Amino acid sequence: MAALPVPLPLLALLLLLAGCGGPGAAGQRRKEMVLSEKVNQLMEWASKRSVIRMNGDKFRRLVKAPPRNYSVIVMFTALQPHRQCVVCKQADEEYQILANSWRYSSAFTNKIFFAMVDFDEGSDVFQMLNMNSAPTFINFPAKGKPKRGDTYELQVRGFAAEQLARWVADRTDVHIRVIRPPNYAGPLMLGLLLAVIGGLVYLRGSNLDFLYNKTGWAFAALCFVLAMTSGQMWNHIRGPPYAHKNPHTGQVNYIHGSSQAQFVAETHIVLLFNGGVTLGMVLLHEAATSDMDVGKRKIMCIAGIGLVVLFFSWLLSVFRSKYHGYPYRYVRL
């Protein structure tokens, strides 16, 4: 049976398809070219800055849009001064430490990148993701959409670089050894304290009775206890704002309405109230044990009771404002 002649245009088309591997192969090559361009662009930015700043266009093109064979850890934040987000600044410092530890690690690859979207530079991204709080950390995996575990639990874990590194390892299998820059503030303060103590001992070497002053040590211990019970350590860890001003009404709130947070001003108020209660208890103790005349002891006793009742009532009022429905009070405020 004789072979039928093949028209030249059809033959050329068949050869072209055979050489190109068909439409599917062409599409695959286009994806590979787009992916290569995206990775090269991210690597170029990462070589200049460990945390890549993104706006809406960059986020949609490099993070949301496929193809992607890399993970992106994105911190959504609000660092502009008028936002008054103290926590955002502290979280950014820890995030920079984590990103720098990865960028200058010997294990650095293009498997993972660290990025940041500031609200004032990418508010459309916040709206796209229905986000209304900052800072927030989200892992955008190499395949698929972020799952529930890809959103970092900031309130539970805190924003220390070491905690972030554990979460990154859990979500991406990339283990980052956090390397912090040296901090000389602690050794300097310790050296200053030792110098002051050494100076006092040298100047008063012949009279060290002040070291055995019970009142001085009691006062120092009391100040430490009041500072800790008022929430100063929580402020140091979380970095809350001093107070909150309602942008619509202009009203300033010094007491946070939730039991899960507080303002710096709130800790000062609680410290003052605790100090008032303590002073009242000291006066009651002195009235019961001192050798003063009866009249002065009665005055101290009345003043002590008044201080305890008044300041403890104010403490209960603060407690009631944070734990709604708490039924007890001393004085109606």
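Cut-offs used in this document
Residues numbered from 1 in each chain as written. Predicted model: local features only at pLDDT ≥ 70, side-chain atom pairs only at ≥ 80, totals over all residues. Heavy atoms only, no water. UniProt positions renumbered as here; feature names shortened; annotations may be inferred. Axes fitted to C-alpha atoms, helices over the stretch in contact; angles between N-to-C directions. Helix = DSSP H or I, 4+ residues; strand = E, 2+ residues; numbered from the N terminus. Parallel < 35°, antiparallel > 145°, perpendicular 65-115°, else oblique. Left-handed = near helix turned anticlockwise from the far one by under 90°. Nonpolar A, V, L, I, M, F, W, Y, C, P; charged D, E, K, R; others polar. Contact = heavy atoms within 4.5 Å. 1 Å grid on protein atoms, 1.4 Å probe; cavity = no way out; pocket = protein on both sides within 12 Å on 5 of 7 lines; lining within 4 Å. Points joined across faces, edges and corners; volume = space filled by probe spheres on them. Domains from an automatic or database assignment. Disulfide = S-S within 2.5 Å. Buried < 20%, exposed > 50% of the residue type's maximum accessible area, 1.4 Å probe, protein only. Expected span 1.5 Å × (residues − 1). Polar contact = N/O pair within 3.5 Å; in protein donor to acceptor, adjacent residues only side chain to side chain. Pairing = 2+ DSSP bridges. pLDDT = per-residue confidence, 0-100. Phe/Tyr/Trp six-rings, centres within 6.5 Å; stacked < 30°, edge-to-face > 60°. Lys NZ or Arg CZ within 6 Å of the ring centre and 35° of its normal.

Labelled according to an unreviewed UniProt entry, the chain appears under the name Dolichyl-diphosphooligosaccharide--protein glycosyltransferase subunit MAGT1, originating from Chloropsis hardwickii. The Sequence similarities (unreviewed entry) comment attached to the chain in UniProt states, word for word, "Belongs to the OST3/OST6 family." Quoted verbatim from the Pathway (unreviewed entry) field of UniProt, the annotation for the chain is "Protein modification; protein glycosylation."

Before going further, it helps to examine the packing of helix α11 (residues 264-289) against helix α12 (residues 294-322). The N-to-C vectors of α11 and α12 enclose an angle of 155°; their axes lie 7 Å apart at closest approach. Between α11 and α12, the angle falls in the class roughly antiparallel. The crossing of α11 and α12 is left-handed. Residues belonging to the contact of α11 with α12 are distributed by class as follows: 21 nonpolar, four polar and four charged.

As a further point, take the side chain of N274. By the element assignment, N274 lies in helix α11. Excluding anything up to four places from it in sequence, N274 contacts L226, T229 and L315.

The next thing to look at is the layout of surface pockets. By volume, the largest pocket amounts to about 810 Å³. Q84, C85, V87, A134 and P241 are, among the 26 residues lining the largest pocket, the residues nearest its centre. Secondary structure elements with two or more residues in the lining of the largest pocket: α4 (86-103), α6 (154-157), α10 (232-238) and β5 (244-245). Across the lining of the largest pocket, the residue classes break down as 14 nonpolar, nine polar and three charged. Here the lining of the largest pocket gathers at least three residues from each of two domains, domain 1 (29-172) and domain 2 (207-322).

By the definition in use, this model includes one disulfide. The disulfide bridge from C85 ends at C88, spanning 2.1 Å between sulfur atoms. Because the sign of the S-S torsion sets the handedness, a value of about 70° for the bond joining C85 and C88 places this disulfide among the right-handed ones. Each member of the pair, C85 together with C88, is buried.

The subject of this paragraph is α12. Taking 1.5 Å per residue, 29 residues should reach 42 Å; α12 reaches 42 Å between its end C-alpha atoms and fits that length. All buried positions along α12 are accounted for by M300, G304, V308, F311, S313, L315, L316, V318 and K322. For α12, the elements touching its buried residues are α11. Two or three places before G295, at the opening of α12, D293 has a side-chain oxygen 3.2 Å from that residue's backbone nitrogen.

The next thing to look at is the UniProt feature "transmembrane region" (unreviewed entry) in the chain. Summarizing the sequence annotation, UniProt attributes the feature "transmembrane region" (unreviewed entry) to residues 184-203, 215-234, 269-287 and 299-319 in the numbering used throughout. Annotated as residues 269-287, this span is 100% helix and 0% strand, and its ends, taken at the C-alpha atoms, are 27 Å apart.

Attention shifts here to the packing of helix α9 (residues 214-229) against α11. Interaxial distance between α9 and α11 falls to 9 Å at its minimum, and their mutual angle equals 135°. With respect to α11, the axis of α9 lies oblique. In the crossing of α9 with α11, the sense of the turn from one axis to the other is right-handed. The residues of α11 that touch α9, namely those facing L222, L226, A227 and T229, are L271, N274, G275 and T278.

Moving on, we get to the sheet that holds strand β1 (residues 51-53). Each strand in a sheet pairs with another by means of backbone hydrogen bonds, the pair being arranged parallel or else antiparallel. Judged by pairing direction, the sheet is mixed, and its four strands sit side by side in the order β1-β3-β2-β4 without closing on themselves. Edge strands, defined here as strands with exactly one partner in the open sheet, are β1 and β4 (136-140). Neighbour-to-neighbour, the strand axes of this sheet turn through a mean angle of 30°, independent of strand direction. Relative to strand β3 (residues 112-118), strand β2 (residues 71-77) runs parallel, the two being bridged by seven bridges. When the sheet's bridge partners are listed, V74 is paired in β3 with A115. Each of β1, β2, β3 and β4 is contacted by α4, which is oriented at about 160° to β3, the strand it contacts most. Relative to β4, helix α7 (residues 161-172) is tilted by about 25°, and along the sheet it contacts β2, β3 and β4.

Let us now look at the confidence of the model for the chain. Overall, the predicted model of the chain reaches an average pLDDT of 82, with 86% of residues at or above 70. When pLDDT is averaged over each helix and strand of the chain, the minimum, 49, is found for helix α1 (residues 8-20) and the maximum, 95, for β3.

Under the criterion given, the structure shown has 14 aromatic pairs. Between F59 and F140 the ring centres are 5.4 Å apart and the planes differ by 80°, which places this aromatic pair in the edge-to-face class. With F59 in helix α3 (residues 56-64) and F140 in strand β4, the pair connects residues that are 81 residues apart, well separated along the chain. By relative accessible area, F140 is classed as buried at 3%. Ring pairs connect the aromatic residues F59, F76, F119, F126 and F140, which therefore count as one cluster. The ring of W45 is capped by K58, whose NZ or CZ atom sits 4.6 Å from the centre of that ring. Sitting over the ring of F108, R103 keeps its end group 5.0 Å from the ring centre.

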